[in-house]
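Summary of the model geometry
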Amino acid sequence: MRDYCIRVAGPEDLDGARAVMLDTVYRDFGTGYVPHWHGDIIDPSAAYLASARHTLLVALDARGGDVVATAALDSRGPAHPPNPRHLAERYPSGETAQLRRVYVRPGHRRRGLARRLVEELLAFAEAQGGYRSVYLHTDPSVPGAEAFWRSLGKVVHDEREDPGGGNGVLHFEIPMGR
């Protein structure tokens, strides 16, 4: 098994982190870059490094030092729209730690990286204080995403059950203090 170094991203990591994120939205999601949804990818420094309550983690392959995975947390709850109103009300900004951009390059998957990154994010949220809950949403069409998140938390809304299927997104709450 390869060795990885997980750390808080610094300015020297941002190009590699951005590349992992952009590759994921193009390859896994098939959406490509959508400014309204992915502005944080273009400017991860402003989104995750400028606030003490936000963070961006990277996993580097110890062999080459390349960024092979990312995971971020911010204090912005799910916005309505596009998310259902009851979720925006249940997970308000400022009180909600939202997990974002938990992405692992395909050649590095199934090695426990995403789980390690999420554990680090949960520890960060607890250390920061002031967060009542941890929320995330995911696209269940991405291979492995639904099973992974179900292993860590509980589904609080499945848009596939909405009339018309909504956006097909799954919304999760991850317990704090794991």
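All of these numbers come straight from a predicted model, not from anything done at the bench.

How each quantity is defined
Residues numbered from 1 in each chain as written. Predicted model: local features only at pLDDT ≥ 70, side-chain atom pairs only at ≥ 80, totals over all residues. Heavy atoms only, no water. Salt bridge = Lys/Arg side-chain N within 4 Å of Asp/Glu carboxyl O. Helix = DSSP H or I, 4+ residues; strand = E, 2+ residues; numbered from the N terminus. Buried < 20%, exposed > 50% of the residue type's maximum accessible area, 1.4 Å probe, protein only. Contact = heavy atoms within 4.5 Å. Pairing = 2+ DSSP bridges. Right-handed = clockwise from strand over helix to strand, strands pointing away. Axes fitted to C-alpha atoms, helices over the stretch in contact; angles between N-to-C directions. Parallel < 35°, antiparallel > 145°, perpendicular 65-115°, else oblique. Nonpolar A, V, L, I, M, F, W, Y, C, P; charged D, E, K, R; others polar.

Section: the pattern of salt bridges
Evaluation of the coordinates by the stated rule reveals 14 salt bridges. Arginine 109 serves as the salt-bridge partner of aspartate 28, at 2.6 Å between the closest nitrogen and oxygen. One end of the pair, aspartate 28, is in the loop between helix 1 (14-27) and helix 2 (35-42); the other, arginine 109, is in the loop between strand 4 (96-104) and helix 5 (113-128), with 81 residues separating them in the sequence. Residue classification places aspartate 28 among the buried positions, given a relative accessible area of 18%. The partner of arginine 132 in a salt bridge is glutamate 95, and the shortest N-O contact between them spans 2.5 Å.

Here's the deal with the environment of leucine 117
Position of leucine 117 among the secondary structure elements: in helix 5. We classify leucine 117 as buried; its relative accessible area is 0%. Remark: the alpha-carbon pair of leucine 117 and isoleucine 6, spanning 111 residues in sequence, is separated by 7.5 Å. When residues no more than four places from it in sequence are discounted, the contact partners of leucine 117 are Ile6, Leu57, Val58, Ala69, Thr70 and Ala71.

Examining the pairing of strand 5 (residues 133-138)
Most of strand 5 sits out of view: 5 of its 6 residues are buried. Bridge count for strand 4 against strand 5 is 3 bridges, and the pairing is parallel. From the neighbouring strand, glutamine 98 faces strand 5, where its bridge partner is tyrosine 135. In this view, the connection linking strand 4 to its parallel neighbour strand 5 by way of helix 5 has right-handed handedness. Pairing of strand 5 with strand 7 (residues 170-174) involves 5 bridges; the strand directions are antiparallel. When the bridges of strand 7 are listed, histidine 137 appears paired with histidine 171.

Let's talk about the packing of helix 1 against helix 2
Two numbers describe how helix 1 lies on helix 2: the axes approach to 9 Å, and their chain directions differ by 155°. With respect to each other, helix 1 and helix 2 are oriented roughly antiparallel. Facing helix 1, whose interface residues are Arg18, Met21, Leu22 and Val25, helix 2 presents His38, Ile41 and Ile42. Residues of the contact of helix 1 with helix 2, tallied by class, amount to 5 nonpolar, 1 polar and 1 charged.

Some remarks on unusual backbone geometry
Cis peptide bonds are those with omega within 30 degrees of zero, and the linkage from histidine 80 to proline 81 qualifies with -20°. In this structure, proline 81 sits in the loop between strand 3 (67-74) and helix 4 (85-90). In this model, proline 81 is joined to proline 82 through a cis peptide bond whose omega is 10°. Among the secondary structure elements, proline 82 is positioned in the loop between strand 3 and helix 4. Within the chain, arginine 101 stands out as a residue other than glycine whose phi angle is a positive 50°. Structurally, arginine 101 is set in strand 4. Positive phi values are uncommon outside glycine, yet arginine 110 reaches one of about 65°. You can see arginine 110 is positioned in the loop between strand 4 and helix 5. Here arginine 110 falls in the exposed class, since its relative accessible area comes to 85%.

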